Amino acid sequence: MKFDSVTYSDLNEIRKLQPEGWPDIVSDFKFYLDTDFCLPLKTELGNRIAGIGAAILLGYSAWIAHIIVDKDFRNKGIGYSIMEALMNMLKGFSLRSYMLIATEIGKSLYEKAGFKVVSDYVYFRREVSWNDPIISEQVRPYDSAFSADILELDRNISGEDRCVFLRDQLMGSKIYIQNNSLAGVYVPDLGEGLIIADTKDAGLELMKIKYAMSDKAVLPEENKAGISFLEQNGFIRTQVKGTRMVYGEDVRWKPDRVFSRIGGNVG
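Caption draft 1: Summary view of the pairing of strand β4 (residues 61–69). In terms of burial, β4 is largely enclosed, as nine of its nine residues are buried. Sheet analysis places strand β3 (residues 48–58) next to β4, joined by seven bridges and oriented antiparallel. Residue Ala55 lies in a different strand from β4, and its bridge partner there is Ile64. Counting the residues in the hairpin turn of β3 and β4 gives two residues, including Gly59, whose phi is positive at 70°.

What follows is the structure in structure tokens.
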């Protein structure tokens, strides 16, 4: 099977592959094309894009993302071939960990390739509205004096170096300051709206801001405090399930401190 790099001229055709319930994949692939640490690829059959995927390089780790096969070409091993092609592309880099978030359908495919289950993400939707929350005075607008602290907080919680995602999205952030130190951050313009925090109080206060305006949420199952917060504020669990998987070394992430992920492509 032949694979080629995705180009800007492919974006209109990629739009036709949009899975139901997923965020806009065209904007994601445009981002992949605009950055030098992402490797988007495609395979074509009969002059049509049959499948797509991408690899995202983050220092010693990489994410496999957006493996999507056109419904007319499914059950032909194309998804597995795309995953293999992405893994082969990454062999030239000094990587220790390869990660992805699998759908229930794709999980067995990745297990076949040697990926191991790390954790599950719990998906919620809100069915009951709530009043405007009272926000703690410890939540403040972004202050560039804390930019290095935000990047360090993310490294400590994610176990990865994701500054290439964070550094250009911090301007509209909210930060939680405790004893003159950074305890948490909410980055609304980054993917689904990243929230990470070193303390439960910081995480829950930042969740109040995000989920007063959002009807969907995705949290690692280990974040019991965040899940309880959602359930107490009108959110219910959906049937959707995402499984975090790793090939190689697992990274030392702290899922109980993730109060909202970036997205299904980088956790």
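What follows picks up the thread again.
Caption draft 2: Geometry of unusual backbone geometry. Phi at Asn47 takes a positive value of approximately 60°, unusual for a residue other than glycine. Exposure remark for Asn47: the relative accessible area of 76% places this residue in the exposed category. Non-glycine residue Asn180 carries a positive phi angle of around 65°. Among the structural elements, Asn180 can be located in the loop between β8 (174–178) and β9 (181–187).

Caption draft 3: Geometry of the packing of aromatic side chains. Per the stated rule, a full pass over the model turns up 10 aromatic pairs. Seen in terms of ring centroids, Phe31 and Tyr32 are 6.4 Å apart; in terms of plane orientation they differ by 65°. Their pairing is edge-to-face. Its relative accessible area of 29% is what places Phe31 among the partly exposed residues. Centre to centre, the rings of Tyr98 and Tyr247 are 5.7 Å apart; their planes meet at 75°, and the pair counts as edge-to-face. A residue pair is termed long-range when its members are at least 10 positions apart, and Tyr98 in strand β5 (residues 97–102) and Tyr247 in strand β12 (residues 235–248) qualify at 149 residues. The exposure class assigned to Tyr247 is partly exposed, which follows from its relative accessible area of 34%. Here the guanidinium or amino end of Arg96 rests over the ring plane of Tyr60, the centre of that ring lying 4.0 Å away. Positioned above the aromatic ring of Tyr80, the side-chain terminus of Lys112 is 4.8 Å from the ring centre.

Caption draft 4: Seen up close, the environment of Met83. Checked against the element boundaries, Met83 lands in helix α3 (residues 78–89). Given the relative accessible area of 2%, Met83 is considered buried. Put simply, Met83 and Tyr123 are 40 residues apart on the chain and 25 Å apart in space, counted from C-alpha to C-alpha. In contact with Met83, not counting residues within four places along its chain, are Ile67, Leu109, Tyr110, Ala113 and Phe115.

Caption draft 5: Just the nonpolar core, in detail. Residues Ile14, Ile52, Ile56, Ile64, Leu90, Tyr110 and Phe115 are the most contacted members of the largest nonpolar core, which totals 71 residues. It is β3 that contributes the most residues to this core, eight residues altogether. Formed by 21 residues, the second largest nonpolar core is a distinct cluster that contains Val139, Leu204, Met207 and Phe235.

Caption draft 6: Highlighting the sheet that holds strand β7 (residues 139–141). Judged by pairing direction, the sheet is antiparallel, and its five strands sit side by side in the order β7-β8-β9-β10-β13 without closing on themselves. The sheet is open, and its two edges are formed by β7 and β13 (258–260), each paired on a single side. Each strand axis lies, on average, 25° off the axis of its neighbour in the sheet, ignoring direction. Both β8 and β9 contribute to a ladder of five bridges, which runs antiparallel. Bridging across to β9, Ile175 finds its partner in Val185.

Caption draft 7: Spotlight on the packing of helix α7 (residues 200–211) against helix α8 (residues 224–232). The interhelical angle for the contact between α7 and α8, taken along N-to-C directions, is 35°, at an axis separation of 10 Å. For the crossing formed where α7 meets α8, the hand is right-handed. Residues Lys200, Leu204, Met207, Lys208 and Tyr211 of α7 lie in contact with α8, whose contacting residues are Ala225, Gly226, Phe229 and Leu230. Partitioned by chemical class, the residues of the contact of α7 with α8 number six nonpolar, one polar and two charged.

Caption draft 8: Local environment of the pattern of salt bridges. One pass over the full model with this rule turns up 15 salt bridges. For the salt bridge of Asp34 with Lys30, the shortest nitrogen-to-oxygen distance reads 3.0 Å. Of this pair, Asp34 and Lys30 both sit in helix α2 (residues 25–34), four residues apart, which is roughly one turn of that helix. Using a relative accessible area of 44% as the deciding quantity, one classes Asp34 as partly exposed.

The rules behind these values
Residues numbered from 1 in each chain as written. Predicted model: local features only at pLDDT ≥ 70, side-chain atom pairs only at ≥ 80, totals over all residues. Heavy atoms only, no water. Buried < 20%, exposed > 50% of the residue type's maximum accessible area, 1.4 Å probe, protein only. Helix = DSSP H or I, 4+ residues; strand = E, 2+ residues; numbered from the N terminus. Pairing = 2+ DSSP bridges. Phe/Tyr/Trp six-rings, centres within 6.5 Å; stacked < 30°, edge-to-face > 60°. Lys NZ or Arg CZ within 6 Å of the ring centre and 35° of its normal. Contact = heavy atoms within 4.5 Å. Core = buried A, V, L, I, M, F, W, Y, C linked by side-chain atoms within 4.5 Å. Axes fitted to C-alpha atoms, helices over the stretch in contact; angles between N-to-C directions. Left-handed = near helix turned anticlockwise from the far one by under 90°. Nonpolar A, V, L, I, M, F, W, Y, C, P; charged D, E, K, R; others polar. Salt bridge = Lys/Arg side-chain N within 4 Å of Asp/Glu carboxyl O.

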